[in-house]
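Below, each chain spelled out in residue letters.
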Amino acid sequence: MAEAYVRTESHPDLPPPAGESGVVGWLRHHLFNTWYNGLATIIIVYLFYLALPPIVDWALISPIWGANSYKDCQFDGAGACWGMIDKRFGQFMYGFYDHDNRWRPNLAGIIFVIAMLPVLFDRLPGRGLATTFLIFVFPALGIALIHGPIDVQSMQTLLGKVIWALVFVAGAAVGYRAMRRLQPTLMTLGYGVSYVVLFLALVAWGFGVPVIETSTYGGLMLTLILAGVAIAVSLPLGILLALGRRASSLPIVRLLCVGFIELIRAVPLITVLFMAQFMLPLFLPEGTNFDNVVRAMVGMSLFSAAYMAEVVRGGLQAIAKGQFEAADSLGLNYFLNMRLIILPQALKIVIPGIVSTFIGLFKDTTLVSIVGLMDFLQIGKTSVADTKWLGLQHEAYFFVGITYFCFCFGMSRYSIYLEKKLHTGHKR
């Protein structure tokens, strides 16, 4: 029997139809995919057409840049009176920080941004070195630059209690687990005590610069300090609380974590700030006194940690039970299972929730004005109370709103970038 052979020829892929690709395709699939979405798009575009031209003309085309008071902006056709922002720009950025020493927070901010770039983006080298620097060196470096030398003698009692607390925790861990873990526990304790000693030595030295009291901190600098410290503390603390609540085998640890989370989440941030201002000194050793900025940092960190714990716990619950069983089958202990297998998956799932918590925390820094701190928004409020700039609320709040939008939008976009980078599933 003669066999029939069918000859097939390969053809190059044909381009998609014009209506399915490019700008037209994007508009068709995202804005005009249904009749009601198309109608909503037309209405929104029309509203933007009505609102944007006057705003652009007021803010960019017809503003007054060199005004010395609000009277210089009172004439027909005048737009925004940006002279107020120009004349008080230093207060918006630094509060009442000493003018001749403003290079110090600037230098600290530049160092922080340079060190963060390798951590945030894979294409830049030196991620491990930058991470180590940010964790172990920059906290003391930032305090020494921005504040100056700190009197460590007044903190000796507190330091002694911290060291004894570390010894107690290490001893409890050794007794509960096994004596064979004595060497790693002692090494961890030694590293912790060494870090505390080196940290205090660096902040006590303070590079020889003059001390700038925290009562002069304000503006965007104070907002960034409060938000940065609260974010840096709340994420690891929230992870520990989530693990203690869901995965701890010790009932007392689980009860303490549940009690802390539910107590903090049951009260508003304003209450936590007031408690940090008036009740925190009662729990400190006699002679130890933290100023308002440090108390606000403690209150915001604890408040955010409780919410972060619930976000992380949601990620842990989303992990399939088979992942825990597979991790146990590898013969790893609890800490290695969590660090290498479970937590990376859980944190990847809840990236949107984590960043949303960070954005909310950044905006909640405006509440510290209730306890007497001059944050970025409060500087704007006091600026328009000046008799030279009466009636310029629109300019002040517009400037503050745009600044908050830039920071929050940047965090949101980086969250989307991180989700796409860590997405390991199959896409259609």
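Residues numbered from 1 in each chain as written. Predicted model: local features only at pLDDT ≥ 70, side-chain atom pairs only at ≥ 80, totals over all residues. Heavy atoms only, no water.

1. Description of the overall build of the protein chain
A count of helical and extended segments in the protein chain gives 18 helices and one strand. For the protein chain, buried positions account for 34% of its 428 residues. Counting only contacts in the protein chain whose residues sit at least 6 apart along the sequence, the fraction spanning at least 24 positions is 71%. Split by element, the accessible area of the protein chain, about 26100 Å² in all, is 68% carbon and sulfur. (Helix = DSSP H or I, 4+ residues; strand = E, 2+ residues; numbered from the N terminus. Buried < 20%, exposed > 50% of the residue type's maximum accessible area, 1.4 Å probe, protein only. Contact = heavy atoms within 4.5 Å. Areas by Shrake-Rupley, 256 points an atom, 1.4 Å probe, with all protein chains shown as cover.)

2. Comments concerning the nonpolar core
Counting 81 residues, the largest nonpolar core has M84, F92, L226, V368 and F376 as the members making the most contacts within it. Every residue in contact with L226, bar those within four places of it in the chain, is listed here: V293, A296, M297, M300, T365 and V368. (Core = buried A, V, L, I, M, F, W, Y, C linked by side-chain atoms within 4.5 Å.)

3. Structural notes on the state of the cysteines
Throughout the structure, instances matching the rule amount to one disulfide. Through a disulfide, C73 is tied to C81; the S-S separation comes to 2.1 Å. Between C73 and C81, the disulfide has an S-S torsion of 55° and is therefore right-handed. We note that C73, like C81, is buried. Sulfur of C406: no disulfide; nearest cysteine sulfur belongs to C408 and is 9.5 Å away. (Disulfide = S-S within 2.5 Å.)

4. A word on a nonpolar patch on the surface
Judged by side-chain polarity, W35, Y36, L39, I43, Y46, L47, Y49 and L50 come together as a nonpolar surface patch covering roughly 970 Å² of accessible area. Structurally, I43 is set in helix α2 (residues 35-61). (Patch = residues over 30% accessible without salt bridge, like charges linked within 9 Å, V, L, I, M, F, W, Y side chains within 5 Å. Salt bridge = Lys/Arg side-chain N within 4 Å of Asp/Glu carboxyl O.)

5. Examining the packing of aromatic side chains
Scanning all chains against the criterion turns up 21 aromatic pairs. For the ring pair W35 and Y36, a centre distance of 5.6 Å and an interplane angle of 80° mean the geometry is edge-to-face. According to the relative accessible area criterion, Y36 is partly exposed, its value standing at 47%. When the ring of F112 is compared with that of F138, the centres are 5.3 Å apart and the planes differ by 40°; the resulting orientation is tilted. Of the two residues, F112 is situated in helix α5 (residues 103-120) and F138 in helix α7 (residues 138-146); the sequence distance between them amounts to 26 residues. Residue class for F112 comes out partly exposed when judged on its relative accessible area of 36%. Each residue in the set F89, F92, F362, F376, F399, Y404 and F407 is aromatic and connected to the rest through ring pairs, giving one cluster. (Phe/Tyr/Trp six-rings, centres within 6.5 Å; stacked < 30°, edge-to-face > 60°.)

6. Structural notes on the side chain of N101
Assignment of secondary structure puts N101 in the loop between α4 (89-94) and α5. Overall, N101 belongs to the buried group, its relative accessible area being 11%. Among residues more than four places away in sequence, those in contact with N101 are P210 and I212.

7. A few points about helix α13 (residues 292-318)
The terminal C-alpha atoms of α13, which comprises 27 residues, lie 39 Å apart, in line with the 39 Å expected from a rise of 1.5 Å per residue. The element α13 is extensively covered by neighbouring structure, given that 19 of its 27 residues are classed as buried. (Expected span 1.5 Å × (residues − 1).)

8. Thoughts on the packing of helix α17 (residues 376-384) against helix α18 (residues 393-422)
Where α17 meets α18, the axes come as close as 9 Å, and the angle between the chain directions of the two elements is 165°. Considered as vectors, α17 and α18 are oriented roughly antiparallel to each other. With respect to the hand of their crossing, α17 and α18 are arranged in right-handed fashion. Together, F376, L377, G380, K381 and V384 of α17 and Q393, A396, Y397, F399, V400, T403 and Y404 of α18 make up the contact between the two elements. (Axes fitted to C-alpha atoms, helices over the stretch in contact; angles between N-to-C directions. Parallel < 35°, antiparallel > 145°, perpendicular 65-115°, else oblique. Left-handed = near helix turned anticlockwise from the far one by under 90°.)

9. Details of the environment of L343
Along the chain, L343 falls in helix α15 (residues 334-349). For L343, a relative accessible area of 13% gives the class buried. Along the sequence, L343 and L316 sit 27 residues apart, while their C-alpha atoms lie 7.4 Å from each other. When neighbours within four sequence positions are excluded, L343 is seen to be in contact with I239, L243, L316 and M338.

10. Section: α17
Looking at α17, one finds that the buried residues are F376, Q378, I379, G380, S383 and V384. Where the residues of α17 are buried, they touch α3 (83-87), α4, α10 (219-246), β1 (374-375) and α18. A side-chain oxygen of the first residue of α17 lies 3.1 Å from the backbone nitrogen of L377; this N-cap is D375. (Polar contact = N/O pair within 3.5 Å; in protein donor to acceptor, adjacent residues only side chain to side chain.)

11. Quick word on the pattern of salt bridges
Summed over all chains, the structure comprises seven salt bridges. With a shortest N-O distance of 3.8 Å, D86 and K87 are connected by a salt bridge. Take K87: its relative accessible area is 43%, and that puts it in the partly exposed class. Here R127 and D122 are joined by a salt bridge, their closest N and O atoms 2.4 Å apart. Exposure remark for R127: the relative accessible area of 35% places this residue in the partly exposed category. A residue is classified by how much of its surface remains accessible, and D122, at 42% relative accessible area, is partly exposed. Here the residues in one salt-bridge network are R245, E262, E310 and R313, joined through shared partners.

12. A closer look at the packing of α5 against α7
Running from amino to carboxyl end, α5 crosses α7 at an angle of 160°, the nearest separation of the two axes being 8 Å. As summarised for this structure, α5 and α7 are arranged roughly antiparallel, according to the angle between their axes. The crossing of α5 and α7 is right-handed. The residues of α7 that touch α5, namely those facing R104, P105, L107, A108, I111 and F112, are F138, L141, A144, L145 and I146. For the contact of α5 with α7, the class distribution of residues is ten nonpolar, no polar and one charged. (Nonpolar A, V, L, I, M, F, W, Y, C, P; charged D, E, K, R; others polar.)

13. Here we look at the side chain of S301
Inspection of the secondary structure puts S301 in helix α13. Setting aside residues up to four positions removed in sequence, S301 forms contacts with V229, A230, V233 and S234.

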